[in-house]
Amino acid sequence: AHIGTFVLRCAKERNCTVYAYEPYKESYKLIIENTKVNNLQDKVKIFNKAVGSKIETRDLYIHPDHYAGCTFYPGQGIPYIPVKVECTTLRQIFIDNNLDKCDVLKMDCEGEEKYILNSTDIDTLRKIDKIILEYHYYTEGKEISEYLKKMGFFVYPEEVPNVERSVLYATNRYI
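Residues numbered from 1 in each chain as written. Predicted model: local features only at pLDDT ≥ 70, side-chain atom pairs only at ≥ 80, totals over all residues. Heavy atoms only, no water.

> Hey, could you run me through the pairing of strand β7 (residues 128-135) in this one?
Every regular strand shows the same layout, with side chains that alternate between the two sheet faces. Along β7, 6 of the 8 residues are buried, which leaves the element largely enclosed by surrounding structure. Note: β7 against strand β9 (residues 166-172), 6 bridges, orientation antiparallel. Paired with lysine 130 across the strands is threonine 171, a residue of β9. (Buried < 20%, exposed > 50% of the residue type's maximum accessible area, 1.4 Å probe, protein only. Helix = DSSP H or I, 4+ residues; strand = E, 2+ residues; numbered from the N terminus. Pairing = 2+ DSSP bridges.)

Here is the structure:
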């Protein structure tokens, strides 16, 4: 969720409830503040947790110059700062929030996307209408695209571009 830019826009423009998960405490504090400033507390549910492949506590690595680059997979040559964070799963989010359906799942999990999706049961995935997902490497994007197709989603673009970072859009064909 970072500081809430996408979250707040969705809640305001679409007049919907948004469930936002942000593991880094500093970003979490800012999204709470931004939600209050925009008077959207009744529309935005904020959780100080990461979404991962399992429920656990693990190290999140914070970029020393900007905390928009939090990741479970730090690059080489940058002195990332590890902090312990609580993780939940996509399935558990549905359970904890008593959700029967998700209109749009936006994922920007800095490399954790494929692990989240691969660990999510088909019944939970079938509750999701659309997915907007950032991936970081061509092979990762291709792998995620193939998996989503196998799970019953139409994926666009049909051919994953061979670029370092891009976005996939998926629509559940069972909805």
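> Is there a simple way to explain the environment of threonine 139 in this structure?
The residue threonine 139 is located in helix α6 (residues 138-150) in this model. The class for threonine 139 is exposed, based on a relative accessible area of 58%.

> What is the right way to look at the state of the cysteines in this model?
By definition, a disulfide is the covalent link that joins the sulfur atoms of two cysteine residues. One pass over the structure, following the stated rule, counts 0 disulfides. In this model cysteine 16 remains outside any disulfide bridge; the closest cysteine sulfur is found in cysteine 10, 5.9 Å from its own. With no disulfide of its own, cysteine 87 has cysteine 109 as its nearest cysteine by sulfur position, at a separation of 10 Å. (Disulfide = S-S within 2.5 Å.)

> Just to check I follow, could you spell out the nonpolar core for this structure?
The tendency in soluble globular proteins is for nonpolar side chains to be buried side by side. Core analysis: the largest hydrophobic core is formed by 25 residues, its most contacted members being Leu117, Ile128, Ile131, Leu133, Leu148 and Phe153. Within the residue set of this core, elements represented by two or more residues are α3 (90-96), β6 (102-107), α4 (113-118), β7, α6, β8 (153-156) and β9. Those residues within four positions of leucine 133 in sequence are excluded, and the remaining contacts are Met107, Glu113, Leu117, Ile144, Ser166, Val167 and Leu168. Residues Val18, Ile31, Val44 and Ile46 belong to the second largest nonpolar core, which totals 10 residues. (Core = buried A, V, L, I, M, F, W, Y, C linked by side-chain atoms within 4.5 Å. Contact = heavy atoms within 4.5 Å.)

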